[in-house]
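Below, each chain spelled out in residue letters.
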Amino acid sequence: MVQITHTKFILSPSTFFFFLLIGFLLLSTGESRTPFACDPSNRVTKDHPFCRINLPIGVRVKDLLGRLTLQEKVRLLVNNAAGIPRLGIQGYEWWSEALHGVSDVGPGTKFLPEFHGATQFPQVITTASTFNDTLWEEIGTVVSNEARAMYNGGKAGLTFWSPNVNIFRDPRWGRGQETPGEDPVLSARYAVRYVKGLQGNVGNRLKVAACCKHYTAYDLDNWNGVDRFHFNAKVSKQDLEDTYNVPFKACVLEGKVASVMCSYNQVNGKPTCADENLLKNTIRGTWRLNGYIVSDCDSVGVMYTSQHYTATPEDAAADSIKAGLDLDCGPFLAVYTEGAIKQGKLKEADVDGALYNTMVVQMRLGMFDGPRQPYANLGIPDVCLGSSDHLALEAARQGIVLLDNRGKGPPLSTSLHRTVAVVGPNSDVTVTMIGNYAGIACGYTMPLQGIARYVKTIHQAGCADVSCKGNHLIGAAEGAARRADATVLVMGLDQSIEAEQRDRVNVLLPGHQQELISRVAKASRGPVVLVLMSGGPLDITFAKNDPRILAIIWAGYPGQSGGTAIADILFGTTNPGGKLPMTWYPQEYLAKVPMTNMAMRADPAHNYPGRTYRFYKGPVVYPFGHGLSYTTFQHSIAQAPTSISVSMVPIHLENSNTTTLTNGIRVSHTKCSNLLMGLHVDVKNTGTIDGAHTVMVFSSPPQGKWATNKQLVGFQKVHVVAGGLQRVALDLHVCKHMSVVDQFGIRRVPMGEHTLHIGDLKHSLTISPTIEEIKY
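Owing to the predicted nature of the structure, the values given are computational and were not obtained by experimental measurement.

Rules and cut-offs
Residues numbered from 1 in each chain as written. Predicted model: local features only at pLDDT ≥ 70, side-chain atom pairs only at ≥ 80, totals over all residues. Heavy atoms only, no water. Helix = DSSP H or I, 4+ residues; strand = E, 2+ residues; numbered from the N terminus. Rg over C-alpha atoms; globule rule 2.2 N^0.38 Å. Buried < 20%, exposed > 50% of the residue type's maximum accessible area, 1.4 Å probe, protein only. Contact = heavy atoms within 4.5 Å. Areas by Shrake-Rupley, 256 points an atom, 1.4 Å probe, with all protein chains shown as cover. Lys, Arg positive; Asp, Glu negative; His and termini not counted. Charge placed at Lys NZ, Arg CZ, Asp CG, Glu CD. Core = buried A, V, L, I, M, F, W, Y, C linked by side-chain atoms within 4.5 Å. Disulfide = S-S within 2.5 Å. Pairing = 2+ DSSP bridges. Axes fitted to C-alpha atoms, helices over the stretch in contact; angles between N-to-C directions. Expected span 1.5 Å × (residues − 1). pLDDT = per-residue confidence, 0-100. Phe/Tyr/Trp six-rings, centres within 6.5 Å; stacked < 30°, edge-to-face > 60°. Lys NZ or Arg CZ within 6 Å of the ring centre and 35° of its normal.

## Describing the overall build of the protein chain
Now for step 1: A tally of helices and strands in the protein chain yields 22 helices and 27 strands.
Now for step 2: In terms of C-alpha radius of gyration, the protein chain reaches 27 Å, essentially the compact-globule figure of 28 Å for 776 residues.
Now for step 3: Viewed in the frame of its principal axes, the protein chain has a C-alpha envelope of about 80 × 75 × 50 Å.
Now for step 4: The buried share among the 776 residues of the protein chain stands at 61%.
Now for step 5: Considering only contacts within the protein chain whose residues lie at least 6 apart along the sequence, 78% involve residues at least 24 apart.
Now for step 6: Accessible area of the protein chain: about 28200 Å², with a carbon and sulfur share of 52%.
Now for step 7: Computing the positive centroid from 72 side-chain charges and the negative centroid from 65, the protein chain places the two 2 Å apart.

## Re the nonpolar core
Now for step 1: The biggest cluster of nonpolar side chains holds 205 residues, and the ones touching the most others in it are W161, F368, L532, I540 and W584.
Now for step 2: The element contributing the most residues to this core is helix α5 (residues 133–152), with nine residues.
Now for step 3: Every residue in contact with F368, bar those within four places of it in the chain, is listed here: F36, A37, C38, F50, C51, R60, L64, I89, Q362 and M363.
Now for step 4: Counting residues in each nonpolar core, the second largest holds 29 residues, with F633, V713, M738 and I767 among its members.

## Here we look at the state of the cysteines
Now for step 1: Under the defined criterion, the tally for this structure stands at seven disulfides.
Now for step 2: A sulfur-sulfur separation of 2.0 Å characterises the disulfide bridge that pairs C297 with C329. Taking the torsion about the S-S bond as the criterion, the C297 to C329 disulfide, at about 75°, is right-handed. Of this pair, C297 sits in the loop between β10 (292–295) and α10 (299–305) while C329 sits in the loop between α11 (313–323) and α12 (332–342), and the two are 32 residues apart along the sequence. Side by side, C297 and C329 carry an identical accessibility label, which is buried.

## Considering the sheet that holds strand β7 (residues 259–262)
Now for step 1: The strand order across the open sheet built from three strands is β3-β7-β10, with neighbouring strands paired in parallel fashion. Looking at which strands have only one partner, the edges of the open sheet turn out to be β3 (212–215) and β10. Within the sheet, the average angular offset between the axes of one strand and its neighbour, ignoring direction, is 30°.
Now for step 2: In this sheet, β10 lies alongside β7 in parallel orientation, the contact comprising four bridges.

## Notes on the environment of R548
Now for step 1: Along the chain, R548 turns up in the loop between α18 (541–544) and β16 (549–556).
Now for step 2: If sequence neighbours within four positions are ignored, R548 has contacts with A521, K522 and V528.

## With respect to α5
Now for step 1: In a regular helix each residue adds 1.5 Å, so 20 residues correspond to 28 Å; α5 covers 29 Å between its end C-alpha atoms and thus fits that length.
Now for step 2: Burial of α5 is extensive: 15 of the 20 residues sit out of reach of the surface.
Now for step 3: Once α5 finishes, G154 follows within two positions and takes phi at roughly 75°, a positive value.

## A look at helix α8 (residues 246–253)
Now for step 1: By the criterion of burial, α8 is predominantly enclosed, with six of the eight residues buried.
Now for step 2: When α8 is considered as a whole, its buried residues turn out to be V246, P247, F248, A250, C251 and V252.
Now for step 3: Where α8 is buried, its residues touch α6 (184–199), β3, α7 (237–244), β7, α9 (277–286) and β25 (747–749).

## A word on the environment of K736
Now for step 1: You can see K736 is positioned in helix α22 (residues 734–737).
Now for step 2: Each C-alpha atom of the pair K736 and D682 lies 24 Å from the other, and the pair is 54 residues apart in sequence.
Now for step 3: When residues no more than four places from it in sequence are discounted, the contact partners of K736 are E254 and R747.

## As for the confidence of the model for the protein chain
Now for step 1: Per-residue pLDDT for the protein chain has a mean of 92; in total, 93% of the residues score no lower than 70.
Now for step 2: A low-confidence stretch, residues 2–31 (pLDDT under 50), is modelled with 48 contacts involving residues beyond four sequence positions or located in other chains.
Now for step 3: Every residue in residues 654–659 is under pLDDT 50, and counting partners more than four places away or in other chains gives six contacts.

## A look at the packing of aromatic side chains
Now for step 1: In the structure shown here, the tally under the stated rule is 26 aromatic pairs.
Now for step 2: Ring centres of F229 and Y264 lie 4.8 Å apart, and the angle between their planes is 80°; this geometry places the pair in the edge-to-face category. Residue F229 is found in the loop between β5 (226–227) and β6 (232–233), and its partner Y264 is found in the loop between β7 and β8 (266–267); the two are separated by 35 residues along the sequence.
Now for step 3: Accessibility expressed as a relative area gives 4% for Y264, which makes it buried.
Now for step 4: Each member of the aromatic cluster is reached from another via a ring pair, and the members are F131, W136, Y190, Y194, Y613, F624, F698 and F715.
Now for step 5: One cation-aromatic arrangement involves R189 over F715; the distance from NZ or CZ to the ring centre is 4.0 Å.

Here is the structure:
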C-alpha cells in the first residue's frame, strides 16, 4: 500500500476544545453515521430476513445473496463497495488502517473536523521491544475504542488492515519498522494479542475486524532494481513452515483474526493472491479462517499488468477468486469479474462464496443490525483520552532499549547536569516519532521538550535533517556541547530513509551524522549520550568504540509521547527494560546477503551466512534480545522437568526406533494437547533500583542432525523491586516450542537431549518416545 505523510501538527488546549465543541455540535445535529443497512425507518427493507438479528448470520447472508443481481455482486468485490439503494444498503469503504493507532492512510478514515486526532502509539518495532503481551492487547483495545468512536461519528470504517506480521528478515527492509521483529514466536504472540485487543472477540461478534498481512514471504519493497510487484520469492517448504507462515498461522488459529491479506510478490512462481494452496487450502482449509481474504492494493491487477502471470485480465480475476480471494483492494474485480463469468472462466457461485465471507464479517460487526450497535455509546469523548496518552507513554518507556552504558553514564542528574546540550536532527521532531502508517496524533512531546522538563537546554540541530548532507552546522553543535554539563545526541533515521517502497542500501547512519556524533562527543565537557530513532538496525560500531560516548539508547519510533519517555529514561525516572526484537548487523554482513535470497539457513558452501539470530552465527553489533538496565538481575530455576515422554500409537511408528530418534516424531503423530510443561524461574533484582525484566527462554535441539542456533520459545516481563525476587511461571508446549521443521516442511519433535537457555543458565531436558497401547 502507499503511505501518506503528514506535516507537523501540534494542538493548543484552546484548539483542542474548539474541535471538541465542533464535533459535539455536528454529532448532535444528526451528522453522525446513519445505519449501514437495515434502518428500521426504511419500510422497504426492514422486514427482510437479512435484517433480523434473531436469525443465524449464515441464514441472513444467504438471504441477502439471493436478492442480488450479478452486476450488484461484482461491485461488492472491491474495497470501495457500491451501495444497493433498493435494499437500503450503503456503500462501504473497506480500507482503513490501525497499525499502531487509527490512521488515515486508507481512504476509509478521515479525522477533521470532528476528530482532531487519535492516540498514536509507538511504531510496532518499538512496542514489540517491550516483550509485554498484555500491553499489546491493551493498546489494541484503546485503538479499537477510538476506531469505533470514529465509525459512530461517520469518519471511519470497521475493517482495519492491521497488523503487519511479516518476519523482519533483512535489516535493509524499509517496512521492518511495522513488524514485531525477526523472531516467529515473538511475532506470533504479538499478532495474537494485538488482534484480540482490536477485535474484542466477544462470542462471534467483532468490535472491529483486524487483518494480518502480508501473506506470505513478503519483505522486499524496492532494492537494487527489484521491486515487490515483480519479485518471485523462492522459499523452501522448511522456511515457509518454521519462519514465514508462523505468525499468520497464529493469527488465524489463536487470534481468530477476521481477515488475512495476500501480498504483491510471487512465492515459488505463483502470485500469492492466486495461489490456491496458500489461500483456499491453507488459510481457509487447514487453519479454518472465519473471515475474508483480501488482496494488497492492486495486486490482482499487478499479476496481469506487471507480472504477466495471466494472458487476459479475466483470467486474473478468475484465478484469484477461485484460489480463495474474497475482496480486491482496487477496481480490478469490479471491472473484469462479470466478463470472466461470461467467458466460462468463473462461476457466479464462486462470486457468491467470496461475498459470503465478506458479508459474514460485516454482520459480525453489526453493520446489518440497524442502529442497534453494541458499541454505539463510543464517541468523541472516547478519543485522545488522558489514559490513552499515558498508555502510549508507558509503551514507549517499556520499549526503549539501553544498548550501552559505561562509566559515569545515565541516569543523568538534575543537580550535576543542570544544563544539557540537545543536538541532532531528531531532537525536535514530531511526526518522525510515530513512523509510518500513522494518523494525526492527539499531540506531541518532542525529545527537546521532554529534556527541558528536567533541566535547562541548549539546542543545536547539527544537521538540517537526517540525510545530513552538509557539515556546516556541526561547529555550532560543538559549541553547545562545550557549554553544557552533559550532551544528548538525538540521531537516526526517518521515513525519507526507510519506508514503504524504500529499502535501504546500507545500515550506516546517513550523510555526516557519524562526523557530527564524533566531533560533538570530542567537544563535550560532560557525559555524552547517543539516542537513536530508527525502525531498522544501524551499524554504529564507531560509537560503541568511542570512549567519550558513555551510553547509547535506541528509541525506535517512540510515538506521540516519545520525548517524555526518552527524557524519563535519561534522568532515571524510568528504568529501561526494552529488548531488541531484531539483530543489529555490521555493514559487512550485507555484502553476503542479497535481499532477494529468502533462505534463512546458512550455506557455507556458497558463503551465505544465514539470517536472524536463529541461523546466523557471525559477528553482530548487538544481538537479538539485547537490552540493559540501571539495575542487575539474576535467574535461578525453581522448577523444570528433566524428562518428557512423547506417546505414539503404533500405526504412526517409523521404520525403527533408530529412525524415530534420528528423524523425530511428527507432531501430527502424537497427542500434542497433552504435552504441556511448566517452567518456573526466579528473578532476583540484585541492584539498588526497581526495574522490569524480561525472562526469555530459548531452546536448542539435540546435537547432530538438528543442530541449529537456539530459538525463542517463551518470554514474560516482570517487575522486581530492588533486592526483591519474583517467580515467573511459563508454560511451554512441546509440539509448538520444542519442535523443528525438516526439509520437507514437516514439523517434528526431535528425540534426545534438548537444552533450555535462560540468561546464562542452561537446563537439560530429555524427550523420549513411548508406544501407546491400542485398546479394543
